[in-house]
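Analysis of the macromolecular model
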Amino acid sequence: DQQVKQNSPSLSVQEGRISILNCDYTNSMFDYFLWYKKYPAEGPTFLISISSIKDKNEDGRFTVFLNKSAKHLSLHIVPSQPGDSAVYFCAASAANNAGNMLTFGGGTRLMVKP
Amino acid sequence: NAGVTQTPKFRILKIGQSMTLQCTQDMNHNYMYWYRQDPGMGLKLIYYSVGAGITDKGEVPNGYNVSRSTTEDFPLRLELAAPSQTSVYFCASSYSTTQGQPQHFGDGTRLSIL
């Protein structure tokens, strides 16, 4: 049973517009969430994170929103650029997690068209 | 900085062969991880280590073994390769203790079992 789900396998957006990537989770013990970006033939790279004590975290063009009651988070990219085209993974971590282990969603492929 | 280095980048194995995927990091991170990513899927944790001499199973450990004799190295061993182990393997590392500490990934090893 997938504890972290990204229900949209792909998303296409015009350059300059907003990209919204969504992630849902089922485990109520998750209290820290991260977004990773992955280009082909490379490993994932950390993008932005949010703790469950917050509902928003912003870093430049990237903002993550967390809705704990809905067990939902989203990543907003504004404005979108062609270089943002990649696969985006949502990941979650539970408290008292001895190994700082992450549970990943299946990823969303974002394509930003010039 | 090299970060996390994985070798080899590509490998084709025959069923029943064995091999070791190498992973080394130069960031003095205590925590290290092995993931596999199947096509269209997210990353699944195989094994992890919280320090030299300490390893533990992740979500999908069957068919794999690990060792951690030094802080820098965390090799993954496949003893009897099976077609189901065809995947892309990622090694990652992170600092210890802080929950949600981002993991730093290598560029992966693409393994095909024929």
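Structure report, in brief. Note that residues are indexed from 1 along each chain, following the sequence as it is written. Both sets of labels track the order of writing: A upward for chains, 1 upward for ligands. Local features in a predicted model are, by the rule used here, given only for residues with pLDDT of at least 70; side-chain atom pairs are given and counted only at 80 or more, and totals for whole chains, interfaces and linings are based on all residues. Derived side-chain values reflect all non-hydrogen atoms in the structure, with water molecules and hydrogen atoms excluded from consideration.

A short note on the interface of chain A and chain B
Note on definitions: a residue-residue contact is assigned when non-hydrogen atoms from the two residues lie within 4.5 Å. Tallying the contact residues gives 22 residues for chain A and 23 residues for chain B. Each partner contributes to the roughly 1,700 Å² buried at the junction of chain A and chain B, and carbon and sulfur atoms together form 57% of this total. We define buried area as the total accessible area lost by two parts upon association, computed with a 1.4 Å probe and summed across both. Counting the surface chain A buries against chain B, the share from its top three residues, Asn100, Met101 and Phe104 of chain A, is 30%. The salt bridge definition used is simple: a Lys or Arg side-chain nitrogen within 4 Å of an Asp or Glu carboxyl oxygen. Where chain A touches chain B, the interface holds zero salt bridges. Here a polar contact means two N or O atoms within 3.5 Å. Within protein one must be a hydrogen donor candidate and the other an acceptor candidate, and residues neighboring in sequence count only if both atoms are side-chain atoms. Counting the contacts that link chain A with chain B gives two residue pairs in polar contact (both at pLDDT 80 or more). Elements with a contribution of two residues or more to the side of chain A that touches chain B: β4 (30-38) and β9 (86-94) of chain A. Counted by class, the side of chain A that touches chain B contains 13 nonpolar, six polar and three charged residues. Each helix is a run of H or I in the DSSP string that is no shorter than four residues. Each strand is a run of E no shorter than two, and both are numbered from the N terminus. Amino acids are sorted into nonpolar (Ala, Val, Leu, Ile, Met, Phe, Trp, Tyr, Cys and Pro), charged (Asp, Glu, Lys and Arg) and polar (every other residue, Gly among them).

Here we look at the packing of aromatic side chains
Between the rings of Phe, Tyr and Trp (Trp by its six-membered ring), a pair exists once the centres lie within 6.5 Å; its type follows the angle of the planes, with under 30 degrees stacked, over 60 edge-to-face, and the other angles tilted. Under the definition given, this model contains 13 aromatic pairs over all chains. With a centroid separation of 6.4 Å and 75 degrees between ring planes, the pair formed by tyrosine 31 of chain B and tyrosine 33 of chain B is classed as edge-to-face. Neither residue differs from the other here; tyrosine 31 of chain B and tyrosine 33 of chain B are each classed as buried. When the ring of phenylalanine 90 of chain B is compared with that of phenylalanine 105 of chain B, the centres are 6.5 Å apart and the planes differ by 80 degrees; the resulting orientation is edge-to-face. A residue pair is termed long-range when its members are at least 10 positions apart, and phenylalanine 90 of chain B in strand β9 (residues 87-94) and phenylalanine 105 of chain B in strand β10 (residues 104-105) qualify at 15 residues. Connected via pairs of aromatic rings, a cluster forms that spans Tyr36, Phe46, Phe89 and Phe104 of chain A together with Tyr31, Tyr33, Tyr35, Phe90 and Phe105 of chain B. Its guanidinium or amino end placed over the ring of phenylalanine 74 of chain B, arginine 68 of chain B lies 5.9 Å from that ring's centre, counting from NZ or CZ. Only protein chains enter the calculation, and the probe is 1.4 Å; a residue is then buried if its accessible area is under 20% of its type maximum, exposed if over 50%, and partly exposed in between. For a lysine, the NZ atom is tested; for an arginine, the CZ atom; a charge sits over a ring if that atom is within 6 Å of the ring centre and within 35 degrees of the ring normal.

Considering the sheet that holds strand β6 (residues 56-59) of chain A
Residues and elements named next belong to chain A. Strands are treated as partners if at least two bridges between them are detected by DSSP. In space, the five strands of this open sheet follow the order β1-β3-β8-β7-β6, with antiparallel pairing throughout. Either end of the sheet is taken by a strand with one partner, and the two such strands are β1 (4-5) and β6. Two strands pair when backbone bridges link them, and strand β7 (residues 62-67) and strand β8 (residues 72-77) are joined in this way by six bridges, in the antiparallel orientation. Considered in β8, the bridge of phenylalanine 65 is made with serine 74.

Some points on the nonpolar core
One broad rule of soluble globular proteins: the nonpolar side chains tend to lie buried together. With 24 residues, the main nonpolar core has Phe33, Trp35, Leu73, Leu75 and Tyr88 of chain A as its most contacted residues. Contributions of two or more residues to this core are made by β3 (19-25), β4, β5 (45-51), β7, β8, β9 and β11 (108-113) of chain A. Of all the elements, β9 of chain A adds the most residues to this core, at five residues. When sequence neighbours within four positions are dropped, the list of residues in contact with tyrosine 88 of chain A reads Gln6, Leu21, Trp35, Tyr36, Lys37, Leu47, Leu75, Ile77, Gly107, Thr108 and Leu110 of chain A. Think of a nonpolar core as a cluster: buried Ala, Val, Leu, Ile, Met, Phe, Trp, Tyr and Cys residues, connected wherever their side-chain atoms sit within 4.5 Å. Core analysis: the next-biggest nonpolar cluster, separate from the first, contains 19 residues, Val4, Met19, Tyr64 and Leu111 of chain B among them.

Some thoughts on the environment of arginine 61 of chain A
Residues and elements named next belong to chain A. By the secondary structure assignment, arginine 61 is in the loop between β6 and β7. Accessibility expressed as a relative area gives 22% for arginine 61, which makes it partly exposed. Distance in space between the C-alpha atoms of arginine 61 and valine 78 is 5.1 Å, their sequence separation being 17 residues. Setting aside residues no more than four positions away along its own chain, arginine 61 makes contact with His76, Ile77, Val78, Pro79, Ser80, Gln81 and Asp84.

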